[in-house]
2 protein chains.
Amino acid sequence: MAKKVKTNKRQVILEEAAKLFKAKGFSGTSMRDLGSQVGMEAASMYNHISSKDDILESICFHVSNTYISQLREIEQLPVSYVDKLKALIQLHVRLMIEDGAAVSVANNDWKYLSDDKLQQFKEARKAYEKGFAELIEQGIAAGEFQPMNVSVALFTILSAVRWVELWYRPGRGISAEELEENIMTILLNGLAK
Amino acid sequence: MAKKVKTNKRQVILEEAAKLFKAKGFSGTSMRDLGSQVGMEAASMYNHISSKDDILESICFHVSNTYISQLREIEQLPVSYVDKLKALIQLHVRLMIEDGAAVSVANNDWKYLSDDKLQQFKEARKAYEKGFAELIEQGIAAGEFQPMNVSVALFTILSAVRWVELWYRPGRGISAEELEENIMTILLNGLAK
């Protein structure tokens, strides 16, 4: 029970930290800011987290681990490359919708990770891009995708969804499902009829 | 002739400034840095430009004016909405390829523009997005584009091309034409066959 409460408090601290880092940047956020956001003394917070670096690591690797485990699951699915890519894009966008602040921190503040963690994070990102690119390459080889430069396809798709994290919030007059559907329609089938 | 030399020198200063601002940021670049880059004393540079703010304004409005005049020309073309959108995306990408440093500065350092110029730049950007969105909306109404949320289509397209400015340079193993063609294929016709 005590362990559970501790985990939840850590979770709350991480979530509030992600929002603050997104709004003010990692370097612009102090532990004091974070304490007043979560309603705890800085000293009490250290029962749940060990440092601001610890928080940044948890957020960044939560995002990269989620992306990579989604990729690994999709790679194993017995479906077409079109369906694999649809699933990958859909889950990629969904994490931005459901956990936008964390994705934003992983996208913008990863450079403040300390040495070995920085290296590890870069490798995780590279592994994700590599797996994503291989899926596109195999889909082209299988004749399911239009023949094209794989890097261009990869970066166009990853870049195409980046705005979601900055824009999406409830009240935009569009559901998460419709947003995912519209983006997949453009990237897989094109805007033209 | 004297006027021509002056214009050219101003042009050289603007181009080198864009590269420096892209690399080190507007606030991280001093007039001294710029002087040593173009091989002029700071004092001589003031014969051609009036301030660092003057340089930033010229770069940002060069980009926004180019984008808007491309849009206005395309709006008048007697072609289908598919062809209008193709032309708009192609020219949008081409400016990133041909003038990547300036586009990067306009994308990232516009926030350092001074008050009224800042307002003017935001309005220019809004006008471009509005014209771009209207073209999509009209194409959907004409039955040429898939029915979808216009904002999602607009931001997906604008976001999809943002990486080009960071990535493209000669030696990437792909020509500017092929890059433009691949991106248009994805956005207009989709990656799936």
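Within each chain, residue numbers correspond to sequence positions counted from 1 in written order. Chain labels run from A onward and ligand labels from 1 onward, assigned in the order the entries are written. Two thresholds apply to this predicted model, a pLDDT of at least 70 for residue-level local features and 80 or more for giving and counting side-chain atom pairs, whereas whole-chain, interface and lining totals are computed over all residues. The side-chain figures draw on all heavy atoms in the structure; neither hydrogens nor water molecules are used.

A few words now on the overall build of chain A. When its secondary structure is counted, chain A shows ten helices and zero strands. To qualify as a helix, a DSSP run of H or I must reach at least 4 residues; to qualify as a strand, a run of E must reach at least 2; elements of each kind are numbered from the N terminus. Secondary structure of chain A in N-to-C order comes out as α-α-α-α-α-α-α-α-α-α. Reported as C-alpha extents along the three principal axes, the dimensions of chain A are approximately 60 × 40 × 35 Å. Residues classed as buried in chain A amount to 51% of the 193 residues present. Only heavy atoms enter the contact rule, under which two residues are in contact if any of them lie within 4.5 Å. Within chain A, counting contacts between residues at least 6 apart in sequence, those at least 24 apart form 69% of the total. Surface summary for chain A: the accessible area is close to 9500 Å², and the carbon and sulfur share equals 49%. Counted charges follow a simple rule, with Lys and Arg positive, Asp and Glu negative, and His plus the chain ends left uncounted. In this description, the location of a charge corresponds to atom NZ of lysine, CZ of arginine, CG of aspartate or CD of glutamate. Charge-centre separation for chain A: the mean point of 24 positive side chains lies 4 Å from the mean point of 25 negative side chains. Categorising residues by exposure relies on relative accessible area from a 1.4 Å probe, with only protein chains included: less than 20% of the type maximum marks a residue as buried, more than 50% marks it as exposed, and the intermediate range marks it as partly exposed. All accessibility values rest on the Shrake-Rupley procedure with a 1.4 Å probe; residue burial counts only the protein chains present in the view.

If you check UniProt for "DNA-binding region" (unreviewed entry), the listed places come out as residues 30–49 of chain A in our numbering. Secondary structure within residues 30–49 of chain A divides into 60% helix and 0% strand; the distance between the first and last C-alpha atoms comes to 14 Å. UniProt positions are given in the numbering used here, feature names are shortened, and annotations may be inferred rather than shown by experiment.

Residue and element names in this part refer to chain B. Of note, Ile 97 is situated in helix α5 (residues 81–98). For the pair Ile 97 and Pro 170, spaced 73 residues apart in sequence, the C-alpha to C-alpha distance is 9.4 Å. Not counting the four nearest positions on each side in its chain, Ile 97 is found in contact with Val 164, Tyr 168, Ala 176, Leu 179 and Glu 180.

Turning next to the interface of chain A and chain B. Between chain A and chain B, the residue contacts involve 35 residues of the former and 35 residues of the latter. Summing both sides of the interface, chain A and chain B together bury roughly 3100 Å²; the carbon and sulfur share of this comes to 69%. Whenever two N or O atoms come within 3.5 Å, that pair is a polar contact, provided that in protein one can donate a hydrogen and the other can accept it, and provided that, for residues adjacent in sequence, both atoms are side-chain atoms. In this assembly, chain A and chain B are joined by 17 residue pairs in polar contact (both at pLDDT 80 or more). In terms of residues, the side of chain A that touches chain B owes the most to one element, helix α10 (residues 176–189) of chain A, which gives nine residues. For the side of chain A that touches chain B, the class distribution of residues is 21 nonpolar, ten polar and four charged. We define buried area as the total accessible area lost by two parts upon association, computed with a 1.4 Å probe and summed across both. Following the grouping adopted for this structure description, the nonpolar residues are Ala, Val, Leu, Ile, Met, Phe, Trp, Tyr, Cys and Pro, the charged ones are Asp, Glu, Lys and Arg, and the polar ones are all others, Gly among them.

UniProt records the feature "domain: HTH tetR-type" (unreviewed entry) at residues 7–67 of chain A, using the numbering of this structure. Helix makes up 75% of residues 7–67 of chain A and strand makes up 0%, while its end C-alpha atoms are separated by 22 Å.

With that settled, the discussion passes to helix α6 (residues 100–108) of chain A. In terms of burial, α6(A) is largely enclosed, as seven of its nine residues are buried. Of all the residues in α6(A), the buried ones are Gly100(A), Ala101(A), Ala102(A), Val103(A), Ser104(A), Val105(A) and Ala106(A).

The next subject is the packing of aromatic side chains. Aromatic ring pairs are defined here through the distance separating the ring centres and the angle between the ring planes. Pairing of aromatic side chains here covers Phe, Tyr and the six-membered ring of Trp, requires ring centres within 6.5 Å, and sorts the geometry by plane angle: under 30 degrees stacked, over 60 edge-to-face, intermediate tilted. Within this structure, the stated rule accounts for 18 aromatic pairs over all chains. Their ring planes at 50° and their centres at 6.3 Å tell us that Trp167(A) and Phe155(B) sit as a pair that is tilted. Linking Trp167(A) in helix α9 (residues 162–167) with Phe155(B) in helix α8 (residues 150–160), this pair reaches from one chain into another. When its relative accessible area of 12% is taken as the criterion, Trp167(A) is described as buried. Given a relative accessible area of 21%, Phe155(B) falls into the partly exposed group. Aromatic pair Tyr67(B) and Tyr128(B): ring centres 5.2 Å apart, planes at 25°, arrangement stacked. Of the two residues, Tyr67(B) sits in helix α4 (residues 52–76) while Tyr128(B) sits in helix α7 (residues 115–141), which places them 61 residues apart along the sequence. Look at Tyr128(B) and you get buried, because its relative accessible area is 6%.

Moving on, we get to the pattern of salt bridges. Between side chains of opposite charge, pairing is possible as soon as their charged atoms come close. A pair is scored as a salt bridge if a Lys or Arg side-chain nitrogen falls within 4 Å of a carboxyl oxygen belonging to Asp or Glu. In this structure the tally under the stated criterion is twelve salt bridges over all chains. Residue Asp54(A) is joined to Arg10(A) by a salt bridge in which the shortest nitrogen-to-oxygen separation is 3.2 Å. Within this pair, whereas Asp54(A) is found in helix α4 (residues 52–76), its partner Arg10(A) is found in helix α1 (residues 2–24), the two being separated by 44 residues in sequence. Between Lys130(B) and Glu134(B) there is a salt bridge whose closest N-O contact spans 3.3 Å. Note that Lys130(B) and Glu134(B) are positioned in helix α7 at a spacing of four residues, about one turn of the helix. Judged by its relative accessible area of 54%, Lys130(B) falls in the exposed class.

Here the focus is the relation of the copies chain A and chain B. Least-squares superposition aligns the copies on the C-alpha atoms of those residues with pLDDT at or above 70 in both. Turning chain A through 180° and shifting it by 0.0 Å along the axis lays it on chain B, with an RMSD of 0.0 Å. Look at the turn and shift together and you get a two-fold axis relating the two. Taken as a fraction of all interface residues of chain A, those also at the interface in chain B reach 100%, which identifies the copy contact as same-surface.

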